Amino acid sequence: MDDELNVTYITLGGYVEMGKYRYFYFSIMLTVYILTICFNCTIVYLIWIHKNLHEPMYIFIAALLLNSIVYNTAITAIYPKLLIDFVSEKQRISYSACLFQCFLYYSFDGSEFLLLSVMAYDRYVSICKPLQYPTIMKKTTVCIFLALSWCLPACQIAVPVTLSVNTKLCNFTLRGIFCNNLIYKLHCLSSRVLSVYGVIVLLNVVLFPVLFILFTYTKIFIITYRSCGEVRMKVAQTCLPHLLVLINFCSLVTYDVISVKLESEFPKTVHFIMTLQVVLYHPLFNPIIYGLKMTEIYKHIKRLFCRDKPN
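Note that this is a predicted model, so its numbers are computed, not measured.

### Quick notes on unusual backbone geometry
Here is step 1: The phi dihedral of Glu17 is positive, around 55°, even though this residue is not glycine.
Here is step 2: As for its position among the elements, Glu17 is in the loop between strand 1 (9-12) and helix 1 (18-49).

Right, dumping it as structure tokens:
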């Protein structure tokens, strides 16, 4: 507690060998941060300027990448705060900022699952009900799906975060490098209501969307299995990137849940390395997958960076 400013500070105790590797961590993180912004912005820009990409599937991809851009560039979000911490003598954050970071982290995570669900539904309608696609996936429908994908997780995550604002703390050291659900272990008393509510939110923004996605793609694969090889190839080209992104993201969320539940079981160094891997490669994964695997996007990327030489 800072008595002068009446601000409660949380020490981020998950860092390892800061004195020895401080500038190495900073260099790697800054490089990945710049690449993340450049890669995501490039694909969003290409989708924005090319009219043949103004289709629901590409709009949802742009929304997914924009989700990553907004979160990663937020002042109290992961990347800016990590960069500051790597060059600071003390790695700490105010309790209010920590709650806000936690809110952003899980809100945008929930939005990613819902956006992936919407993308799965879009592929289902496009492949299984092609004649009804223009009627179902209208501009209004797309806008509603986008609004719900961002608003529903934010509203649900805001409840426990708001209830925790005035909660008394008995521990001021968080065993991590950014704020996640470990923040609730700092409270003097654990709330059964918050625990039950947390399970409900997990079901709403993670489990149910994943089950819906699996059900949707199962239906798609059953229908395309009976089709010709050309149709199966086309389906694979559009659905495979979504599935790769889903598998990758589910792995990260599973690790987050396990690491929170088994906090004391993870050695500090292992926890630090795993968390850094999550932070480093996940934001780069989506734009690389969509840039390389989505044929139309890949064509525009080639035209942008590999212009034909004159004869």
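### Section: helix 3 (residues 78-86)
Here is step 1: Along helix 3, eight of the nine residues are buried, which leaves the element largely enclosed by surrounding structure.
Here is step 2: Buried within helix 3 we find Ile78, Tyr79, Pro80, Lys81, Leu82, Leu83, Asp85 and Phe86.
Here is step 3: Buried-residue contacts for helix 3 involve strand 1, helix 1, helix 2 (56-73), strand 2 (92-94), helix 4 (95-128) and helix 9 (268-293).

### Brief notes about the side chain of Gln156
Here is step 1: Mapped onto the secondary structure, Gln156 falls in helix 6 (residues 139-163).
Here is step 2: For Gln156, a relative accessible area of 18% puts it in the buried group.
Here is step 3: Not counting the four nearest positions on each side in its chain, Gln156 is found in contact with Tyr197, Val201, Asn204 and Val205.

### Focus on the pairing of strand 1
Here is step 1: Residues of strand 1 alternate between two faces, with Ile10 and Leu12 buried on one and Tyr9 and Thr11 left unburied on the opposite face.
Here is step 2: Bridge count for strand 1 against strand 2 is three bridges, and the pairing is antiparallel. Considered in strand 2, the bridge of Thr11 is made with Arg92.
Here is step 3: By the bridge criterion, two bridges tie strand 1 to strand 3 (residues 173-174) in an arrangement that is parallel. For Thr11, the partnering residue across the bridge sits in strand 3 and is Thr173.

### With respect to the nonpolar core
Here is step 1: Counting 88 residues, the largest nonpolar core has Met29, Ile61 and Tyr290 as its most contacted members.
Here is step 2: Broken down by element, this core gets its largest block of residues, 19 residues, from helix 4.
Here is step 3: In contact with Tyr290, other than residues within four places in its own chain, are Ile61, Leu64, Leu65, Leu116, Met119, Pro241, His242, Val245 and Ile297.

### Describing the state of the cysteines
Two cysteines whose sulfur atoms are joined by a covalent bond form what is called a disulfide.
Here is step 1: Scanning the model with the defined rule gives two disulfides in all.
Here is step 2: Here Cys98 engages in a disulfide with Cys179; their sulfurs sit 1.9 Å apart. Between Cys98 and Cys179 the disulfide shows an S-S torsion of about -115°. By sign, it is left-handed. On the criterion of sequence distance, the pair formed by Cys98 in helix 4 and Cys179 in the loop between strand 3 and helix 7 (192-225) is long-range, its members being 81 residues apart. We note that Cys98, like Cys179, is buried.
Here is step 3: Through a disulfide, Cys170 is tied to Cys188; the S-S separation comes to 1.8 Å. Taking the sign of the torsion about the S-S bond as the criterion, the disulfide between Cys170 and Cys188, at about 100°, is right-handed. Of this pair, Cys170 sits in the loop between helix 6 and strand 3 while Cys188 sits in the loop between strand 3 and helix 7, and the two are 18 residues apart along the sequence.
Here is step 4: For the protein chain, the bonded cysteines pair up as 1-3, 2-4 when numbered in the order they occur along the sequence.

### A look at the packing of aromatic side chains
Here is step 1: One pass over the structure, following the stated rule, counts 14 aromatic pairs.
Here is step 2: Ring centres 5.7 Å apart and planes at 85° place the aromatic pair Tyr15 and Phe86 in the edge-to-face group. Of the two residues, Tyr15 is situated in the loop between strand 1 and helix 1 and Phe86 in helix 3; the sequence distance between them amounts to 71 residues. Side by side, Tyr15 and Phe86 carry an identical accessibility label, which is buried.
Here is step 3: An angle of 75° between the planes, with centres 4.8 Å apart, marks the rings of Tyr105 and Tyr106 as edge-to-face.
Here is step 4: The buried category is assigned to Tyr106, whose relative accessible area is 14%.

### Details of the side chain of Asn40
Here is step 1: Among the structural elements, Asn40 can be located in helix 1.
Here is step 2: In terms of polar contacts, Asn40 uses its side chain to reach the backbone carbonyl oxygen of Thr36, at 2.7 Å.
Here is step 3: Among the polar contacts made by the side chain of Asn40, one reaches the main-chain carbonyl oxygen of Pro283 at a distance of 3.4 Å.
Here is step 4: Among residues more than four places away in sequence, those in contact with Asn40 are Leu65, Ser68, Ile69, Pro283 and Pro287.

Procedures and definitions
Residues numbered from 1 in each chain as written. Predicted model: local features only at pLDDT ≥ 70, side-chain atom pairs only at ≥ 80, totals over all residues. Heavy atoms only, no water. Helix = DSSP H or I, 4+ residues; strand = E, 2+ residues; numbered from the N terminus. Buried < 20%, exposed > 50% of the residue type's maximum accessible area, 1.4 Å probe, protein only. Contact = heavy atoms within 4.5 Å. Pairing = 2+ DSSP bridges. Core = buried A, V, L, I, M, F, W, Y, C linked by side-chain atoms within 4.5 Å. Disulfide = S-S within 2.5 Å. Phe/Tyr/Trp six-rings, centres within 6.5 Å; stacked < 30°, edge-to-face > 60°. Polar contact = N/O pair within 3.5 Å; in protein donor to acceptor, adjacent residues only side chain to side chain.

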